[in-house]
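Observations on the three-dimensional arrangement
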Amino acid sequence: MEAPTFISPPPAEPVLIPAEAYISKSYAAAEADKLWAKVWQWACRLEEIPKVGDYVTYDILEESIIVSRISKDEVRAYYNVCLHRGRRLTSGKGNTKRFHCPFHGWQWNLDGTNARVVDKHDWCGQLTDEKITMKPIRCETWGGYVFINMDPDCEPLHDYLEPAKSMLDPFEIDKMRFRWRKATVMPCNWKTALEAFNESYHLQTSHPQLLEWSDDLHWSKAWGKHANSGMLPFPDNRLTGQGSKRIIDEPIDDIREALATNQQHLVDTLDAFLSHSMVEAAQRLPKELPAGTPPIEVLQKMVEWTIEIDAKKGVTWPAVSPQHMMDAGYDWHLFPNCLILVAPTYVLGYRTRPNGYDPDSCIFEAYAMDRAPEGIEPPQPEIEWSMDLTDEKFWGLILMQDIGNMPEVQKGMHSRGYPGARPNPVWEVAVSNFHRTLAQYMGTGAPVSEPVS
């Protein structure tokens, strides 16, 4: 299959996205060959497999893939299947010197070559090395993430990720490490779950409490297969701490207490997309800065103190200019199913995958990462699972507000009264771009121009 040619959409075009991609069983089934077998997918992080013999099992629909460190400097991926009778060799993660089939005892070395066939002589020489070597899969890394692609003729990962790669490289995501990881099986399509975080248009309604501190005006841009979003700069948006124009007529002049409260609220209700050093710095603002300190100076002092606190912990900030941070935005959609919200010392990320061929079910994962102190490798947290989407203690208020929408959106898209999605032409360009790209793989479901009534 020839690789699709990707064309970024024109800006601010009102479009209608058919519901087919979200609810059609035939569409969900076709994704296996047309999409998932052709795209680069994040399978694990390098820090999950630090030692030779470490492996992670990555499952997507009916395929299962082993990602393993076979030497100090090399990671490989293989189809997770015994070449005797088809049993899977691994599940979850672990460490091994050989991949072992528990059914009949066949074994493979870390480099994929066969190490043992019980009574191999019974095949009278027919089991050649070529026949019983594990089938490899394209496996490449970026930013500490390990990606796989089942298409042997696919373009290199770094080319596939452009221009997101070049925009995100200065943040040195490879130096980030997991703070926490959470997952669930969501009663909605994987695209429904992804798109709940692929735009900022929902902030003023889904997270109204955040308007107490921040304006919410954002931009959204398409970059080939990928897209990003960012906040409009001051004065289009008020400074953080001054409150939103949607609910507060005049901006707050003294933002010391507002920033301290805002940072504490974020750590209490999300514990992500901020660093604990920044929370600590924010608590000092009302105590150590005099009343009447201009808002911009308060923000600058919070950043200055955060850098100082981080330095004491051995955490150095990457050399990212303010202009680059503005251009890069903070929210990147890496096609097809990853979202990365990035800042100099932390990341909030999401990954969604189909849960079998049911278009109304998916695996949803969220995670937070921090920049690790120099020379220190923090312990890796396990993925925590909860099937209770109303468990605020597990999810935190902000994530619970988000995931509360997803099942209801999925139900609504089945309605005879639903003509299709109408992404905001300014705020939700990333959503429209996602479906344009998706349609180039699938051959159907492309957004169409919204009819003029």
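Nothing here was measured: the structure is a model prediction, and the numbers come from that model.

Of regular secondary structure, the protein chain possesses 14 helices and 20 strands. Dimensions of the protein chain, computed from C-alpha atoms along their principal axes, come out at roughly 90 × 60 × 40 Å. Counting across all 453 residues of the protein chain, residues that qualify as buried make up 54%. Of all intrachain contacts in the protein chain linking residues separated by at least 6 positions in sequence, the fraction that spans at least 24 positions is 68%.

Inspection of the entire model under this criterion finds 23 salt bridges. One salt bridge in this structure joins Glu140 and Arg138, with 2.9 Å as the shortest N-O distance.

Before going further, it helps to spend a moment on the environment of Asp73. Tracing the backbone shows Asp73 in the loop between strand S4 (63–71) and strand S5 (74–79). Taking the relative accessible area as the measure of exposure, Asp73 reaches 72% and is therefore exposed. Linking Asp73 and Gly292, residues 219 residues apart in sequence, is a C-alpha distance of 55 Å.

Further remarks concern the sheet that holds strand S3 (residues 54–60). Taken in spatial order, the seven strands of this open sheet run S2-S11-S10-S5-S4-S3-S6, and their pairing is antiparallel. On the outer flanks of this sheet lie strand S2 (41–45) and strand S6 (93–95), each paired with one strand and no other. The average angle at which neighbouring strand axes cross in this sheet is 30°, direction not considered. Examined bridge by bridge, strand S10 (residues 136–142) and strand S11 (residues 145–149) share five bridges and lie antiparallel to one another. The residue of S11 that forms the bridge with Glu140 is Phe147.

Close inspection of predicted coordinates is inappropriate in any region flagged by low pLDDT. Summary statistics for the protein chain give a mean pLDDT of 95 and a share of 97% for residues scoring 70 or more. Within the model, the stretch residues 1–10 combines pLDDT values under 50 with 18 contacts to residues more than four positions away or in other chains.

The next subject is the packing of helix H2 (residues 25–36) against helix H14 (residues 429–442). Two numbers describe how H2 lies on H14: the axes approach to 9 Å, and their chain directions differ by 80°. When the axis of H2 is compared with that of H14, the two are roughly perpendicular. The residues of H14 that touch H2, namely those facing Tyr27, Ala30, Glu31, Lys34 and Leu35, are Leu438, Tyr441 and Met442. Classifying every residue of the contact of H2 with H14 gives six nonpolar, no polar and two charged.

Looking along a regular strand, one sees side chains alternate from face to face of the sheet. Across the seven residues that make up S3, a large majority, six, are buried. As judged from the three bridges shared by S3 and S6, these two strands associate in the antiparallel manner. Bridge pairing links Tyr55 to Gly94 in S6. Here S3 runs beside S4; their pairing, made up of six bridges, is antiparallel. In the strand pairing of S4, Thr57 is matched with Ile66. Where S3 folds back onto S4 in an antiparallel hairpin, the turn is made up of two residues, including Leu61, whose phi is positive at roughly 55°.

Attention now goes to the packing of helix H8 (residues 276–288) against helix H9 (residues 295–312). Put simply, H8 and H9 touch, their axes get as near as 8 Å, and they point 130° apart. Taken together, H8 and H9 sit at an angle that is classed as oblique. By crossing handedness, the relation of H8 to H9 is classed as right-handed. Contact residues: H8 offers Ser277, Met278, Glu280, Ala281, Ala282, Arg284, Leu285 and Glu288, while H9 offers Val298, Met302, Trp305, Thr306, Ile309 and Asp310.

Among the surface-exposed residues, Ile383, Trp385 and Met387 lie close enough to one another that they form a single nonpolar patch of about 310 Å² accessible area. For Ile383, the position within the fold is in the loop between strand S18 (362–371) and strand S19 (384–385). Taking relative accessible area as the criterion, Ile383 reaches 31% and is therefore assigned partly exposed.

Taking 1.5 Å per residue as the helical rise, H8 with its 13 residues ought to reach 18 Å, and the 19 Å between its terminal C-alpha atoms agrees with that figure. Buried within H8 are the following residues: Ser277, Met278, Val279, Ala281, Ala282 and Leu285. At its buried positions, H8 is contacted by helix H7 (256–269), H9 and strand S17 (346–354).

Before going further, it helps to examine the sheet that holds strand S9 (residues 114–116). Strand order in this open sheet of three strands is S7-S8-S9, and the pairing throughout is antiparallel. Edge positions in the open sheet fall to strand S7 (98–100) and S9, since each of these has one partner strand only. Taking each pair of neighbouring strands and ignoring which way they run, the sheet shows an average axis angle of 35°.

About the cut-offs
Residues numbered from 1 in each chain as written. Predicted model: local features only at pLDDT ≥ 70, side-chain atom pairs only at ≥ 80, totals over all residues. Heavy atoms only, no water. Helix = DSSP H or I, 4+ residues; strand = E, 2+ residues; numbered from the N terminus. Buried < 20%, exposed > 50% of the residue type's maximum accessible area, 1.4 Å probe, protein only. Contact = heavy atoms within 4.5 Å. Salt bridge = Lys/Arg side-chain N within 4 Å of Asp/Glu carboxyl O. Pairing = 2+ DSSP bridges. Axes fitted to C-alpha atoms, helices over the stretch in contact; angles between N-to-C directions. pLDDT = per-residue confidence, 0-100. Parallel < 35°, antiparallel > 145°, perpendicular 65-115°, else oblique. Nonpolar A, V, L, I, M, F, W, Y, C, P; charged D, E, K, R; others polar. Left-handed = near helix turned anticlockwise from the far one by under 90°. Patch = residues over 30% accessible without salt bridge, like charges linked within 9 Å, V, L, I, M, F, W, Y side chains within 5 Å. Areas by Shrake-Rupley, 256 points an atom, 1.4 Å probe, with all protein chains shown as cover. Expected span 1.5 Å × (residues − 1).

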